[in-house]
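# Analysis of the macromolecular model
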Amino acid sequence: MFDSWLPEAASSYAEKIDGLLVFITVIVGAWFLASEALLVYLALRYRRVEGRPAAYIPANTLRVMAVVLVPCVVILVFDLVIDAVAAPVWHEIKETQPPHDALIRVSGEQWAWRFFYPGPDGVLDSADDFEVVNEMHVPVGAVVLFELVAKDVLHSLWIPALRLKQDAVPGRSIRGWFKATREGRYEIICAEICGFGHTLMKSGLVVENQTAYRAWLDSQQGTQLAEAGHPGQR
Ligand SMILES: [Cu+2]
């Protein structure tokens, strides 16, 4: 039911995240409705009545204390249930790193995303690296390992279709992974207010088949080598 309100799910772990969202929404939603209903009932039931003085009820018996303690225990139990259900998902996404097919360094700056590709040697910070601004290409069905950095202030890499959000912190290189499962073009947004141009800090994620991805890689490498060879013409 709630799934249709969410953006298209385009990663291997998107459905698990959506499942957690629905699970937590149902539990919290039920509590919200129950507590608001009780609030309205009590406000009406014990409203001011002429001639009925307000009563002072000290919480010195277990029966009275139970009014607070029982809901606290129930909430704690639900909290632990949510933790238990969410922990395996967290472990899979954040604490394990499947073997990767592609490596990309993602850099947030005021106000753009920059993507560094390792080039044919597969190693970053080598001579054949190339960079792209505001558009990341990845092959569909491939595990992408990303190294997330920030050049100036805090940013947050948010790709709603992948259900991926990760803060980018200056001075740190944070690793993560995703596997895009559907071809298409998706939004990359900055989810951390990072200054005047924050709302303009949007990029595209292009998920494409191997052939198109190879062709794109070749075109980028060709362009950048040509540019490097003719610096005077830029
Ligand atoms: Cu930002």
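Just above sits the structure.
Parameters and conventions
Per chain, the residues get numbers from 1 upward, laid out in the order the sequence is written. Only residues with pLDDT of at least 70 are given local features in this predicted model, and only at 80 or more are side-chain atom pairs given and counted; all residues enter the totals for whole chains, interfaces and linings. The basis for every side-chain value is the complete set of heavy atoms in the structure, and neither hydrogens nor water enter the calculation. What the bend at a residue measures is the angle between two axes, fitted to the seven residues ending there and to the seven starting there. Numbering goes from the N terminus for both helices and strands, where a helix is a DSSP run of H or I of at least four residues and a strand is a run of E of at least two. Throughout this description, buried means an accessible area under 20% of the type-specific maximum (1.4 Å probe, protein chains only), exposed means over 50%, and partly exposed covers the range between. Contacts are assigned to residue pairs that have any heavy atoms within 4.5 Å of one another. We define the nonpolar core as a collection of buried residues of types Ala, Val, Leu, Ile, Met, Phe, Trp, Tyr and Cys that are connected through side-chain atoms lying within 4.5 Å of one another. Only when DSSP finds a minimum of two bridges between them are two strands counted as paired. For Na, K and Ca the donor cutoff is 3.2 Å, while for all other metals N, O and S atoms must lie within 2.8 Å; water is not among the atoms, so some sites may look incomplete. Labels for metal geometry use angle windows, namely 85 to 135 degrees for all angles of a four-donor tetrahedral site, and for square planar (four donors) or octahedral (six donors) sites opposite donors over 155 degrees apart plus all others within 65 to 115; sites meeting none of these are irregular.

Of all the bends found along helix 2 (residues 62-95), the most pronounced is centred on Val-68 and spans about 40°, while Pro-71, a proline, follows it within four residues. Taken residue by residue, helix 2 has Ile-82, Ala-86, Val-89 and Ile-93 as its buried positions. Where helix 2 is buried, its residues touch helix 1 (14-45) and strand 8 (174-179).

Before going further, it helps to examine the nonpolar core. Soluble globular proteins tend to pack their nonpolar side chains together in the buried interior. Residues Tyr-117 and Met-136 are the most contacted members of the largest nonpolar core, which totals 40 residues. In terms of residues, this core owes the most to one element, strand 5 (residues 143-150), which gives 5 residues. Beyond its immediate chain neighbours, meaning those up to four positions away, Met-136 contacts Ile-104, Val-106, Phe-115, Tyr-117, Ile-159, Phe-178, Ile-188, Gly-204, Leu-205 and Val-206.

Of all 8 residues making up strand 5, 8 are buried, and the element is well covered by its neighbours. Burial along strand 5 is two-sided: the face carrying Val-143, Leu-145, Glu-147 and Val-149 and the face carrying Val-144, Phe-146, Leu-148 and Ala-150 are both buried. With 7 bridges connecting them, strand 1 (residues 102-109) and strand 5 associate as parallel partners. Across the sheet, Ala-102 pairs through a bridge with Val-144, a residue of strand 5.

Our next topic: the coordination of the copper ion. Every protein donor of the copper ion is accounted for by His-155 (ND1), Cys-190 (SG), Cys-194 (SG) and Met-201 (SD), and the metal-donor separations fall at 2.1 to 2.5 Å. In this structure, the copper ion is coordinated by 4 donor atoms arranged in tetrahedral fashion, with angles at the metal of 96 to 123°. We note that the donor set of the copper ion lies within a single chain, spaced as H-x34-C-x3-C-x6-M. Of the two residues, Cys-194 and Met-201, both sit in the buried class.

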